[in-house]
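Reading the structure
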Amino acid sequence: MSQETVKRDRPWLMRTYSGHSSAKASNALYRTNLSRGQTGLSVAFDLPTQTGYDSDHPLARGEVGKVGVPINHIGDMEALFHDIPLGQMNTSMTINATAPWLLALYVAAAERQGVDPAQLQGTTQNDVLKEYLSRGTYIFPPEPSVRLTTDLITYTVENIPKWNPTNICSYHLQEAGATPTQELAYALSTATAILDAVKASGQVPDDRFGDVVGRISFFVNAGIRFVEETCKLRAFGRMWDTLTSERYGVTNAKQRRFRYGVQVNSLGLTEPQPENNVQRIVLEMLSVTLSKNARARAIQLPAWNEALGLPRPWDQQWALRMQQVLALETDLLEYGDLLDGSHVIEAKVQELIDGAHEEMARVDEHGGMVSCIDNGYVKRELVQSHTRRLRNIESGELQIVGVNCYKESAESPLTAGDESGIMKVDERAEREQIESLQAFRASRDDSKVKAALQQLRACANDGSNIMPASIECARAGVTTGEWSEVLREVFGEFRAPTGIDISPVGNGGSDALEGVRRRVKKTGEELGRPLRLLIGKPGLDGHSNGAEQIAVKGRDAGFEIVYEGIRLTPAQIARAAQEEGVHLIGLSVLSGSHMELVQDINREMEKIGVTDIPLIIGGIIPDEDALALQDQGVKAVFTPKDADLNTIMNTMVTIIREANGLEPAA
Amino acid sequence: MSLPHADDPAELAAAIAAGDRAAIAHVLNLLDDRRDEARKKTTALLAHLQQDQDNPTGQLIGITGPPGAGKSTLSAALIRVWRARGLRVAVLAVDPSSPISGGALLGDRLRMQTSTEDDGVFVRSLSSRGQFGGLSAEVWPMSVVMLAGFDIVLIETVGVGQREVDIARLCDTTCYVAQPGSGDSVQFIKAGVLEVPHILVVNKADMGNLATRTLSELEAALKRTHPDGHWQVPVLATSAVDGTGIETLADALEEHYQLLRGPQLALRRKRYQAYWIHKRLLEEFGSFGIDQLGGEESLLAQLQAQDMNLFKQYDALRLRLYNRIQDTLE
Ligand code: B12
Ligand SMILES: Nc1nc2c(ncn2[C@@H]2O[C@H](COP(=O)(O)OP(=O)(O)O)[C@@H](O)[C@H]2O)c(=O)[nH]1
Ligand SMILES: [Mg+2]
């Protein structure tokens, strides 16, 4: 067959999840990425923006511009898209609790570019239920959060028809340990909870409900078991089709189509031998492209150095090239569905569908997805699955190359030398952002700001759609912190269940664990009381997996565990340590703000007279920072390469023994 | 701990009474500590704290009920009301521990989120530490210390079996929180399995019908005078989520406290302590030991008649029993 006659499918949208330092720096990055063949934008916001704080809020310290771009007001939004024509761009924004606000800023920025908002295309993630379960950037209690979600949906269906108002995410659930069955069940239960809420809001006439359903898209994960993952995506498509037709009576088949974007699995990407992550990523990408009938609409890939820290432009370029090679060089896009008609695939798909239905029924028994947030059912199930995965890695039942087998390696040129192999965010970014924010505040018309916020408060209270008032706020120069503060006052804040109260999993009585238990017990006896460990998650960081797993393991090893979940202030942690009389404080920080947070916690502890409790930390901590932290008195630093939890427990006992003048090794 | 007063029991006692958080935390650690040296220090300290035993301070409230009924959330709501009324509050939250590893997840704190700026609230968690299903041995001594530094001491515990009995015998006021729609609470109370609480609460009133139904069932089963006498057991509906009934509950707790104040309260506190000592001795020496000391009733009476130094009383009795056993063996 000659080249010309082959009809190739159009490739999926290729994106790179990025943003850092400032709107200006991120704009430059986006323009480079677009010039390199990237076909859409995927904006990463920094944690203060995601949790509704301005860059100069005390809780934002150390986080500004770190894991994403800070957007405080319309000026930032305009700078982010400077010289990028919004009328032609397809922009995906990973934004949830503050999604209505960021969309409002996007609309207002488009207006200033002279673009009719009705033309805008893109996605707001806007799935807050999974924030409570995994991602952590929630603000308000579940019910008002669901209301904000549905307000955004109904607004865009009416006014920005090409917008994808929500991306129901199962991606983050897998990153928190979910199995394929759980991913299916919880994503679909979330989708029904949201659609039911849209229906109940009465904002959409019945005959337009199909339009709402047609705009719902998904953001899924694809793990290394790529055959099963392909089957999962086929299962998703089938279940969504049935659900939308049976539950919502959608007759237009196009509106029932399962549309999804992907970020492939990152939880399985390793710190040891990081080059192996490239194979993993490529195989995972296969699972969402192989089957034409279940192919992703948009893909973004992590980089080889995922477990080391933030990727540099070159690392991201490499990830983008993986997609391009698959789409352009291979013959994948020349065929129809490769898997249709396979009995093996069909059987697996059916098995997943059956399992997902069972789990969805259990969610219903627990009152549906929204109730499950507060009663903790789903979170516990996720923690349980993740614990099972780690126990299987410990026992060797689950093999991870470079982690629990084939550990010996020649030195990698990728990480050798002075280059740390990761992106370092400019230290000055935070200060500059704060200065520009304060200049912006000084330049606005305060009376307009006040009036717009008053209107916002009124809407929040009376239940009318939050979007128009938010867009008015954006135009008036309201800031992210101000918008969020009004809603905090009206809706209140929330602290989600931690899910760690699960029963022991798997090889509960392994020899290694027995050994730790004996030491924990003995040391407790020598110190007169059982050993107590405070696990603290300071700052805005939402990565809870590590803290949860240390908590569960610690409990199983005989520690009394105090863990209050994510996003505590340094003062809260210091106080809890004092009130609870713990023997050890273990912090978990993955967002990169460990240096500032450890400093703050040390200061708070000193302030209240807690000077004799040793402090350790775990998370994504580069070697040079680990040394600096140890200089500041931190007794041990753990990173993903410390995969053996029993060893970590043993080290903790030793540290407690040393701090209390006992023979360390005993 | 670099407390200037850590080694002087009088100074330490004064610091506790003044609400010094570091001092309180330090003493709670000591009370938890089973080593002899710690016991010596706490014995001396308690002697100072318990000087004015005829005018006991503070209100000791026990809050029990099935897991998930909303005890911690309700406690948080009560704390807000109490703080607004200018009262200082300490909490002892008791969670179960694993019988296999001894480990425990102390989870109640999470629901009790209080302001970090507020020195008037202090929360300590405690695991049950598998002690015969009852409350752990540290609960009473820790309460004594907290009562010295706070206006209200709240003990939260899952109300089942022995733990629920213990709490009823250790607190000035007990409050049982029932879960709407669970007939269990009603059945238990009717069958006399549960001690009669001073106040009965049906929480989650925001759940509507289910809560209303449970409320009327409990009212029917329980609207009666408490065996303590002079107290009509109120059956209240609350919602820790929307705030319904929290003020009323706080008022009812206060009313019960007013009823107890005065000589009666001093007597009750002696009774709790006697009960606590009896229970510890029973655990250590069995009913044989109690018989040696003249049997339960006589022991309790003896203890209540004496002065109140907890550890002195306790240690004296232990010594007597050890000597007795030694004699028998010789
Ligand atoms: C899973 C994951 C997520 C999940 C988190 C789910 C959850 N509930 O935890 C999801 C998908 C939600 C997520 C989101 C984000 N993530 Co993320 N995520 C990861 C990932 C892939 C794995 C982390 C993990 O859970 N590992 C498994 C656990 C068990 O390991 P661990 O936490 O490292 O813990 C081990 C040790 O570190 C140590 N340890 C850890 N804590 C403690 C505490 C104590 C006391 C002790 C003794 C030991 C200890 O012991 C553990 C055992 O081995 C990492 C990259 C990687 N592969 O490490 C990125 C990573 C941490 N994420 C990153 C980012 C940027 C984000 C986002 C902020 C992106 C954005 N801009 O929105 C968001 C927002 C999250 C938020 N709210 O803060 C960056 C952080 C960059 C940095 N530090 O410079 C990383 C490094 C990826 C990258 N290279 O860019 N993420
Ligand atoms: N609807 C409702 N839920 C509540 C109320 N009080 C507590 N809860 C919820 O009940 C669950 C258990 O609460 P918790 O305080 O931990 O209960 P505890 O085990 O009795 O301490 C949580 O999900 C709370 O959010 C209430 O008044 N109404
Ligand atoms: Mg509780």
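Residues numbered from 1 in each chain as written. Chains lettered and ligands numbered in written order. Predicted model: local features only at pLDDT ≥ 70, side-chain atom pairs only at ≥ 80, totals over all residues. Heavy atoms only, no water.

Observations concerning the overall build of chain A
Note the cut-off: Secondary structure elements follow DSSP: runs of H or I of four or more residues count as helices, runs of E of two or more count as strands, with numbering from the N terminus. For a compact globule the rule gives 2.2 Å times the number of residues to the power 0.38, and the radius of gyration it is set against comes from C-alpha atoms. A 1.4 Å probe rolled over the protein chains alone gives each residue an accessible area, and that area as a share of the maximum for its type sets the label: buried under 20%, exposed over 50%, partly exposed in between.
Per the secondary structure count, chain A includes 25 helices and 15 strands. For 666 residues, the compact-globule estimate of 2.2 N^0.38 gives 26 Å, and chain A sits close to it at 25 Å. Expressed along its principal axes, the backbone C-alpha trace of chain A runs to roughly 70 × 65 × 55 Å. Each of the 666 residues in chain A was classed as buried or not, and the buried ones make up 62%.

Comments concerning the packing of helix α4 (residues 99-112) of chain A against helix α6 (residues 142-159) of chain A
Residue and element names in this part refer to chain A. Just so we agree on the cut-off: Axes here refer to lines fitted to C-alpha atoms; in helices the fit is confined to the stretch in contact. Angles between the N-to-C directions go from 0 to 180 degrees. Should any heavy atoms of two residues lie within 4.5 Å, those residues are considered in contact. Under this grouping Gly is polar, as are all residues other than the nonpolar Ala, Val, Leu, Ile, Met, Phe, Trp, Tyr, Cys and Pro and the charged Asp, Glu, Lys and Arg.
Here α4 crosses α6 at 30 degrees, and the two axes come no closer than 9 Å. Contact with α4, carried on its side by Ala99, Pro100 and Leu103, involves Leu148, Leu152 and Thr156 of α6 and no other residues of that element. Its residues assigned to classes, the contact of α4 with α6 shows five nonpolar, one polar and no charged.

Overview of the confidence of the model for chain B
Spelled out, the test is: On a scale of 0 to 100, pLDDT captures the predictor's confidence in every residue.
Averaged over chain B, the pLDDT score is 85; the fraction of residues at 70 or greater is 89%. Taken element by element, chain B is modelled with least confidence in helix α8 (residues 183-190) of chain B, mean pLDDT 68, and with most confidence in helix α10 (residues 246-260) of chain B, mean pLDDT 96.

Let's talk about the nonpolar core
Taken as a class, soluble globular proteins show a tendency for nonpolar side chains to be buried jointly. Worth spelling out the cut-off: Definition of nonpolar core: a set of buried residues of the types Ala, Val, Leu, Ile, Met, Phe, Trp, Tyr and Cys, connected through side-chain atoms within 4.5 Å.
In terms of nonpolar packing, the biggest core is built from 113 residues, with Tyr186, Phe218, Trp240, Tyr260, Val378 and Phe559 of chain A touching the most fellow members. By residue number, the principal contributor to this core is helix α8 (residues 180-201) of chain A, which donates ten residues. Phe559 of chain A has contacts with Val520, Leu531, Leu533, Gly554, Met649, Met652, Val653 and Ile656 of chain A together with Gly103 and Ala104 of chain B, leaving out every residue within four places of it along the chain.

Thoughts on the site of ligand 2
For clarity, the cut-off: What makes a residue near a molecule or strand is one non-hydrogen atom of that residue sitting within 4 Å of it. Counting of polar contacts relies on pairs of N or O atoms within 3.5 Å, with two restrictions inside protein: one atom must be capable of donating a hydrogen and the other of accepting it, and residues adjacent in sequence are counted only when both atoms are side-chain atoms. Each accessible area value is a Shrake-Rupley result obtained with a 1.4 Å probe; residue values ignore everything except the protein chains displayed when judging cover.
Neighbouring ligand 2 are 17 residues, the closest being Asp374 of chain A together with Lys71, Thr73, Asp206 and Ala240 of chain B. Close to ligand 2, residues of chains A and B are found. In this structure, an oxygen atom belonging to ligand 2 sits 2.9 Å away from a side-chain N or O atom of Ser72 of chain B. Interatomic distance of 3.0 Å between a side-chain N/O atom of Asn203 of chain B and a nitrogen atom of ligand 2. If ligand 2 stood free it would expose 580 Å²; the protein chains cover 85% of that surface. When residues of the shell around ligand 2 are assigned to their parent elements, the largest contribution, three residues, is made by helix α4 (residues 71-84) of chain B. Broken down by class, the residue content of the shell around ligand 2 amounts to five nonpolar, six polar and six charged.

So, the packing of helix α10 (residues 226-248) of chain A against helix α13 (residues 343-365) of chain A
The axes of two packed helices give the description: the angle between them and the distance between them. All names here are of chain A. Going by this rule: Roughly parallel covers angles under 35 degrees, roughly antiparallel covers those over 145, roughly perpendicular covers 65 to 115, and oblique covers all other angles. Here a crossing is called left-handed whenever its near helix is offset anticlockwise from the far helix by less than a right angle, and right-handed whenever the offset is clockwise.
Axis separation between α10 and α13 bottoms out at 8 Å; the angle between their running directions is 60 degrees. On the basis of their axis angle, the class for α10 and α13 is oblique. Where α10 crosses over α13, the two elements pack in a sense that is right-handed. Note on element contacts: α13 touches α10 through Ile345, Glu346, Lys348, Val349, Gln350, Leu352, Ile353, Ala356, His357 and Met360, opposite Val227, Glu228, Cys231, Lys232, Arg234, Ala235, Arg238, Met239 and Leu243. When the residues that make up the contact of α10 with α13 are grouped by side-chain class, the tally is eleven nonpolar, two polar and six charged.

Some remarks on the interface of chain A and chain B
Using the following cut-off: When two parts are put together, the accessible area they lose, computed with a 1.4 Å probe and summed over both, is reported as buried area. Each salt bridge in this description consists of a side-chain nitrogen of Lys or Arg and a carboxyl oxygen of Asp or Glu lying within 4 Å of one another. What makes two strands pair is DSSP finding at least two bridges between them.
Contacts between chain A and chain B engage 39 residues on the former and 34 residues on the latter. Carbon and sulfur atoms supply 46% of the area that chain A and chain B bury against each other, a total of about 2900 Å² over both sides. Of all residues in chain A, Arg529, Arg575 and Glu579 of chain A give up the largest surface area on contact with chain B, accounting jointly for 22% of the area buried on that side. Linking chain A with chain B are six salt bridges. The closest approach of N and O atoms between Arg109 of chain B and Glu580 of chain A, which form a salt bridge, is 2.8 Å. At the boundary of chain A and chain B, one finds 19 residue pairs in polar contact (both at pLDDT 80 or more). Per-element tally for the side of chain A that touches chain B: the top contributor is helix α22 (residues 570-580) of chain A, with seven residues. Its residues assigned to classes, the side of chain A that touches chain B shows 14 nonpolar, ten polar and 15 charged. Bridge count for strand β12 (residues 560-563) of chain A against strand β3 (residues 104-106) of chain B is three bridges, and the pairing is parallel.

What to know about the environment of Ile224 of chain A
Residues and elements named next belong to chain A. Mapped onto the secondary structure, Ile224 falls in the loop between β8 (217-220) and α10. Between the C-alpha atom of Ile224 and that of Leu286, which follows or precedes it by 62 residues, the distance is 9.8 Å. Non-local contacts of Ile224, meaning those with residues more than four positions away in its chain, are made with Arg280, Leu283 and Glu284.

Here we look at the domain arrangement of chain A
Residue and element names in this part refer to chain A. What counts is decided by this rule: Delimitation of the domains relies on an automatic or database domain assignment.
We note that the domain assignment places domain 1 (12-124 + 411-502) and domain 2 (511-659) within chain A. With centres defined by C-alpha atoms, the gap from domain 1 to domain 2 works out at 32 Å. Contacts between domain 1 and domain 2 engage 17 residues on the former and 23 residues on the latter. Between domain 1 and domain 2 the total buried area reaches about 1700 Å² when both faces are included, carbon and sulfur atoms providing 55% of it. Of all residues in domain 1, Arg61, Arg495 and Ile500 give up the largest surface area on contact with domain 2, accounting jointly for 35% of the area buried on that side. One can count nine residue pairs in polar contact (both at pLDDT 80 or more) joining domain 1 with domain 2. Across the side of domain 1 that touches domain 2, the residue classes tally to nine nonpolar, three polar and five charged.

Observations concerning the coordination of the cobalt atom of ligand 1
For clarity, the threshold we go by: Each metal's donors comprise the N, O and S atoms found within 2.8 Å of it (within 3.2 Å for Na, K or Ca). Water is not part of the atom list, so some coordination spheres may appear incomplete.
Among protein atoms, the single one acting as a donor to the cobalt atom of ligand 1 is His543 of chain A (NE2), 2.1 Å away. Here His543 of chain A is to be found in the loop between β11 (532-536) and α21 (545-557).

A look at the sheet that holds strand β5 (residues 121-124) of chain A
Residue and element names in this part refer to chain A. Spatially, five strands are ordered β2-β3-β4-β5-β6 in an open sheet, and the strand pairing comes out parallel. Pairing within the sheet leaves two strands with one partner each, and these edge strands are β2 (17-18) and β6 (163-164). As judged from the two bridges shared by β5 and β6, these two strands associate in the parallel manner. If you follow Gly122 over to β6, its bridge partner there is Trp163.

What about the pattern of salt bridges?
Counted under the stated rule, the structure contains 64 salt bridges over all chains. Across the pair Glu560 of chain A and Arg532 of chain A runs a salt bridge whose closest N-O atoms are separated by 2.9 Å. One end of the pair, Glu560 of chain A, is in strand β12; the other, Arg532 of chain A, is in strand β11, and 28 residues separate them in sequence. On the accessibility criterion, Arg532 of chain A (0% relative accessible area) is buried. For Glu247 of chain B, the salt bridge identified is with Arg85 of chain B, shortest N-O distance 2.7 Å.

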